[in-house]
Amino acid sequence: MNGMKYKGYCARIDFDPEDKIFVGRVIGINDVISFHGETVSELESAFAESIDDYLSACKKLGQKPNKTYSGNLMLRIPVDVHAAVATAAEIKGQSINQWAARVLEEAAHAD
């Protein structure tokens, strides 16, 4: 995975071959927070600094910082898929939420 985490915020990391730097952008929020560094150490420091600066600016302005994902996920799926999921969850002795959370976690970390 090309990402980093800090204080509950996640960032996607890319490499800019033209400038020969790592470029990061915080994902999962509406505000735009980006940072860069020439080394992994610089990138980690820049990420932490950008999040800390963002939280400080929000506090100074009296604004609530954008939160990362809430943990609630609403899906609209075909009836036959819903039935198959319910059956698979029941076979495992789990609720649909427990089953789906496990399956989604495995899929999200598969690469």
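Going by the structure above, here's the rest.
Per chain, residue numbering runs from 1 following the sequence as it is written. Per-residue local features of the predicted model are confined to residues with pLDDT of at least 70, and side-chain atom pairs are confined, for both listing and counting, to 80 or more; whole-chain, interface and lining totals are unaffected and use all residues. In computing side-chain values, all of the structure's heavy atoms are included and hydrogens and water are not.

A. Highlighting the side chain of Ser 50. Relative to the helices and strands, Ser 50 is located in helix H1 (residues 40–61). At a separation of 2.8 Å, a polar atom in the side chain of Ser 50 contacts the main-chain carbonyl oxygen of Phe 47. For this analysis, residues touch if any pair of their heavy atoms sits within 4.5 Å. With residues up to four places along the chain from it excluded, the contact list for Ser 50 reads Ile 33, Ser 34 and Phe 35. Secondary structure elements are defined from DSSP: runs of H or I of at least 4 residues count as helices, runs of E of at least 2 residues count as strands, and each element is numbered from the N terminus. Polar contacts, as counted here, are pairs of nitrogen or oxygen atoms within 3.5 Å of one another; within protein the pair requires one atom able to donate a hydrogen and one able to accept it, and residues that are adjacent in sequence qualify only if both atoms are side-chain atoms.

B. Structural context of the sheet that holds strand S1 (residues 3–6). Paired strands, in this sense, are two strands between which DSSP finds at least two bridges. Read from one edge to the other, the open sheet built from 4 strands follows the order S1-S2-S3-S4, with strand pairing classed as antiparallel. Each having just a single partner strand, S1 and strand S4 (34–37) make up the two edges of the open sheet. Between one strand and the next, the sheet's axes are offset by a mean angle of 30°, whatever the strand orientation. In this sheet, strand S3 (residues 21–27) lies alongside strand S2 (residues 9–16) in antiparallel orientation, the contact comprising 7 bridges. Bridge pairing in S3 places Asp 16 opposite Ile 21. Fitting a line to C-alpha atoms yields each axis, with helices limited to the stretch in contact; the angle taken between N-to-C directions then spans 0 to 180 degrees. Packed onto the sheet, H1 meets S1, S2, S3 and S4 and runs at close to 155° relative to S4.

C. View of the pattern of salt bridges. When a carboxyl oxygen of Asp or Glu is within 4 Å of a side-chain nitrogen of Lys or Arg, the pair counts as a salt bridge. Applying the stated criterion to the full structure yields 3 salt bridges. A salt bridge links Arg 12 to Asp 14; the nearest nitrogen and oxygen atoms lie 3.3 Å apart. We call a residue buried when its accessible area falls under 20% of the maximum for its residue type, exposed when it is over 50%, and partly exposed in between, using a 1.4 Å probe and counting protein chains only. Since its relative accessible area comes to 49%, Arg 12 is described here as partly exposed. Glu 106 is paired through a salt bridge with Arg 102; the nearest N and O atoms lie 3.4 Å apart. Here Arg 102 and Glu 106 lie together in helix H3 (residues 96–108), a separation of 4 residues that amounts to about one turn.

D. Representation of the pairing of S1 in the model. One ladder, built from 4 bridges, connects S1 with S2; its direction is antiparallel. When the sheet's bridge partners are listed, Lys 5 is paired in S2 with Cys 10. The antiparallel pairing of S1 with S2 creates a hairpin that spans 2 residues between the two strands, and Lys 7 there sits at a positive phi of about 50°.

E. Geometry of the packing of helix H2 (residues 79–92) against H3. Between H2 and H3, the least distance of the axes is 9 Å, while the angle of their chain directions is 95°. As summarised for this structure, H2 and H3 are arranged roughly perpendicular, according to the angle between their axes. Contacts between H2 and H3 involve His 82, Val 85, Ala 86, Ala 88, Ala 89 and Lys 92 from the former and Ile 96, Trp 99 and Arg 102 from the latter. Of the residues in the contact of H2 with H3, the class split is 6 nonpolar, 1 polar and 2 charged. With respect to orientation, any angle under 35 degrees is reported as roughly parallel, any angle over 145 as roughly antiparallel, any angle of 65 to 115 as roughly perpendicular, and every other angle as oblique. Polarity classes work like this: nonpolar for Ala, Val, Leu, Ile, Met, Phe, Trp, Tyr, Cys and Pro, charged for Asp, Glu, Lys and Arg, and polar for all others, with Gly in that last group.

F. Highlighting the packing of aromatic side chains. Here a Phe, Tyr or Trp ring, Trp counted by its six-membered ring, pairs with any other such ring whose centre lies within 6.5 Å, and the pair is stacked when the planes are under 30 degrees apart, edge-to-face when over 60, and tilted otherwise. Under the defined criterion, the tally for this structure stands at 4 aromatic pairs. Between Tyr 9 and Tyr 54, the ring centres sit 6.3 Å apart and the planes meet at 85°, which makes this aromatic pair edge-to-face. Here Tyr 9 is found in strand S2, whereas its partner Tyr 54 is found in helix H1, with 45 residues between them in sequence. For the pair Tyr 9 and Tyr 54, one class covers both residues: buried.

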